[in-house]
Amino acid sequence: MTIFLILAPYGAYALLVLVTSAAVSLFAAVAVCLGVIALDILRGRSVKILGAGSVVVFAAVGSYVLIDPAMNSSAVKFAVDTGIFLVSLLSIVFRRPFTLQYAREVVDAETARLPGFLHANYLITWAWTGAALLMMIGNIALLYVPGLPLWSGLLITFAARNSAVYFTRWYPQYRKAKYGVAPVGALPGTH
C-alpha cells in the first residue's frame with residue numbers, strides 16, 4: 001500500500017499527461033503529493049524527503065511550463081525525472097537516504113540500529129537513483145533521436161521503475177535469508 005502511495009503522484013502525472021496539458025498534469029501531481037503528505041501527518045508520521053522534494057519538482061516544472069507552454073512532453077518528463085534523480089541523489093549525498101524515513105516507520109528500534117539497516121537503505125536508495133537516471137536517458141533519447149517510437153521511452157520508464165520496486169522488495173528478504181536478521185524493508189508493505 002505504501003509503495004502505491006509513494007508512486008501515486010507519478011502515476012497521476014503519467015496518466016493525466018496523456019489526456020490533458022502538462023501544466024494540469026503537473027499541478028495535479030502536486031495535489032496528490034500534498035495529499036500523501038497530509039495522510040502521513042494524520043497518521044503521525046514524518047514528512048518524507050521524497051514527498052516534499054516531489055512537490056518542489058512538480059511545482060517548479062509546472063511553473064516553468066506555464067511560462068513556456070511550448071515545452072514538449074519528453075522535455076517535461078526529462079525535467080521531472082531529473083528533479084527526482086536530484087532529490088534521490090542529494091538524499092544520499094547529505095547522508096539521509098530517502099528510504100530510511102519509510103524504513104524506520106516499519107521496523108522496531110533494535111532493527112533500525114543494526115549496521116546493515118543503514119547499508120540496506122543506501123543500496124535501495126541507489127537503486128531508485130539509478131532508475132531515475134535510466135528514465136532520464138530514455139527521455140533524452142526521445143528528444144534527440146528522431147523517429148524513436150514513444151513506446152520505447154515508456155518501456156524504459158516501466159522497466160526502470162519496476163526494477164527498483166522489485167529490488168526494494170527483494171533486498172530486505174535477501175538480507176534476512178543471508179544474515180538471519182529481521183527484515184530491513186525500506187518501504188512498508190514490501191516484505
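About the cut-offs
Residues numbered from 1 in each chain as written. Predicted model: local features only at pLDDT ≥ 70, side-chain atom pairs only at ≥ 80, totals over all residues. Heavy atoms only, no water. Helix = DSSP H or I, 4+ residues; strand = E, 2+ residues; numbered from the N terminus. Rg over C-alpha atoms; globule rule 2.2 N^0.38 Å. Buried < 20%, exposed > 50% of the residue type's maximum accessible area, 1.4 Å probe, protein only. Contact = heavy atoms within 4.5 Å. Areas by Shrake-Rupley, 256 points an atom, 1.4 Å probe, with all protein chains shown as cover. Lys, Arg positive; Asp, Glu negative; His and termini not counted. Charge placed at Lys NZ, Arg CZ, Asp CG, Glu CD. Phe/Tyr/Trp six-rings, centres within 6.5 Å; stacked < 30°, edge-to-face > 60°. Salt bridge = Lys/Arg side-chain N within 4 Å of Asp/Glu carboxyl O.

Enquirer: Help me understand the overall build of the protein chain, please; the structure alone is not making it clear to me.
Expert: A count of helices and strands for the protein chain gives 8 helices and 0 strands. Along the protein chain, helices (α) and strands (β) appear in the sequence α-α-α-α-α-α-α-α when read from the amino end. On C-alpha atoms alone, the protein chain measures out to a radius of gyration of 17 Å, which is about the 16 Å that the 2.2 N^0.38 rule sets for 191 residues. Seen along its three principal axes, the alpha-carbon backbone of the protein chain occupies a region of about 55 × 35 × 30 Å. Counting across all 191 residues of the protein chain, residues that qualify as buried make up 45%. Of the contacts made within the protein chain by residues no fewer than 6 positions apart, 69% connect residues no fewer than 24 positions apart. Carbon and sulfur atoms make up 71% of the accessible area of the protein chain, which totals about 9900 Å². Side chains of the protein chain give 13 positive and 6 negative charges; the mean places of these two sets differ by 6 Å.

Enquirer: Even after reading the chapter, I still don't get the packing of aromatic side chains, so can you show me in this structure?
Expert: The relation between two aromatic rings is expressed through the spacing of the ring centres and the mutual angle of the planes. Here the structure, examined in full by the defined rule, presents 7 aromatic pairs. Consider the rings of W170 and Y174, whose centres lie 4.9 Å apart with planes at 20°: the pair is stacked. Of the two residues, W170 and Y174 both sit in helix α8 (residues 150-179), 4 residues apart, roughly one turn of that helix. With a centroid separation of 5.9 Å and 35° between ring planes, the pair formed by Y171 and Y174 is classed as tilted.

Enquirer: Whenever I open this one, the pattern of salt bridges confuses me. Can you help?
Expert: Side chains that differ in sign of charge can pair as their charged atoms come close. Applying the stated criterion across every chain, the model contains 3 salt bridges. Between D40 and K48 there is a salt bridge, with its nearest N and O atoms 3.2 Å apart. Given the relative accessible area of 11%, D40 is considered buried. Overall, K48 belongs to the buried group, its relative accessible area being 3%. Between E105 and K48 there is a salt bridge, and its shortest N-O distance comes to 3.0 Å. Residue E105 is found in the loop between α5 (99-104) and α6 (109-112), and its partner K48 is found in the loop between α2 (22-42) and α3 (49-67); the two are separated by 57 residues along the sequence. Here the salt bridges do not stand alone but share partners, grouping D40, R45, K48 and E105 into one network.

Enquirer: Would you explain the environment of N139 in this entry?
Expert: You can see N139 is positioned in helix α7 (residues 115-144). Put simply, N139 and F78 are 61 residues apart on the chain and 5.4 Å apart in space, counted from C-alpha to C-alpha. For N139, the residues in contact, after removing those within four places along its chain, are S74, K77, F78 and D81.

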